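# Coordinates in review
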Amino acid sequence: MLLVKSEKKSYGIKFPTSIDEITPEYLKQLTDNVSLVDKYAIVALCARTKIFDFVTMINNPKNSDLSITPILAKISDEDAKTIHAEIGSKIFIDRSSLERGNHVSINTGVSTNNAANYFKQDPELIKSIYNKDYTGIVIDKKMNNGLVKSNSPEIIIMEFKIVPICDIKGSIKRNVAFIDPFLNKDTDNN
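In this text, all values refer to a predicted model and were calculated from it rather than measured experimentally.

## Notes on unusual backbone geometry
- Here K39, not a glycine, exhibits a phi torsion of approximately 75°, which is positive.
- Checked against the element boundaries, K39 lands in the loop between α1 (24-31) and β3 (40-50).
- One non-glycine residue, H84, lies in positive phi territory at about 55°.
- The residue H84 is located in the loop between α3 (77-83) and β5 (90-92) in this model.
- Its relative accessible area of 65% is what places H84 among the exposed residues.

Structure representation (C-alpha cells):
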C-alpha cells in the first residue's frame, strides 16, 4: 500500500499498488451494504496508473487511457457456483459489457472522484508530485522498497459496476500456482 497524507487533512489515503493488495475481505467490506438481485454481480474496475499521471489527469481528463483489471467484488453464492468464480478473482468480460453496466457509487478513498478531490484540496501536495518530491507519500514497509526520485510510484484507482453474470466469460483464481510446461529451468541445456 502507498499512503498519501495531505497536511490539510486529518486523514490519509492508502492506495493499493498491486492487485494482490485488494483482498476478498476488502472487497466484501466495500460492497457489504449493496444488495444485488439474482444473476448480477459487482465488478471492481482496478485502474493502474502512476501517481504523477493521476494528478495530471485530474486537470486534463481527456488524456486518461488507463489499464483496467476487472475483479469480482460481490456475487451471490449460487451465482458464484454458476460461473465458477469467487470474490477477488480476475474475470474475463468484454469492454462493452462493462460500459453497459450500472455504475455503483461506493464511498472509498481510492475511487476516482474521492481521490481527485483529496488531491485538489491540497495544491501544495499536487505541486510536490509535479516536482517529483514524494515526501508526503509513504510506501508500506511490507513492500521493502522506497521511492526513486525519478519514478512516480504506481497506484490503483477503483470504480464499481453491476453487470449480469451472463456477461462474465471466465475467471482466474487468486494465488494459484502455475507451472509453465514450456519454461526450461534445466541449466545443463539438454
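## Some remarks on the pattern of salt bridges
- For the structure shown, the criterion picks out four salt bridges.
- Its salt-bridge partner being E154, residue R48 comes within 3.1 Å of it at the nearest N-O pair. With R48 in strand β3 and E154 in strand β8 (residues 154-164), the pair connects residues that are 106 residues apart, well separated along the chain.
- Measuring nitrogen to oxygen at the nearest pair gives 3.2 Å for the salt bridge that ties E99 to R95. Placement of the pair is E99 and R95 together in helix α4 (residues 95-100), with a separation of four residues, close to one helical turn. This pair shows no difference in class: E99 is exposed, exactly as R95 is.

## Let's talk about the pairing of strand β1 (residues 2-5)
- Where burial is concerned, the two faces of β1 differ: the one with L2 and V4 is buried and the one with L3 and K5 is not.
- Note: β1 against strand β2 (residues 12-15), four bridges, orientation antiparallel. Opposite L3, over in β2, you have K14 as the bridge partner.
- Hairpin connection from β1 to β2: six residues lie between these consecutive antiparallel strands.

So, how was this worked out
Every chain is numbered on its own, with residues counted from 1 as its sequence reads. Only residues with pLDDT of 70 or above have their local features reported here, since the model is predicted, and side-chain atom pairs are shown and tallied only from 80 upward, although totals for entire chains, interfaces and linings are computed over all residues. Values reported for side chains reflect all heavy atoms of the structure, with hydrogen atoms and water molecules removed beforehand. To qualify as a helix, a DSSP run of H or I must reach at least 4 residues; to qualify as a strand, a run of E must reach at least 2; elements of each kind are numbered from the N terminus. Type-normalised accessible area, obtained with a 1.4 Å probe on protein chains alone, sets the label of each residue: buried when under 20%, exposed when over 50%, and partly exposed for intermediate values. Salt bridges are defined by distance alone: a side-chain nitrogen of Lys or Arg within 4 Å of a carboxyl oxygen of Asp or Glu. What makes two strands pair is DSSP finding at least two bridges between them.

It is worth stressing that arrangement in space is one thing and function is another; only the former is reported here.
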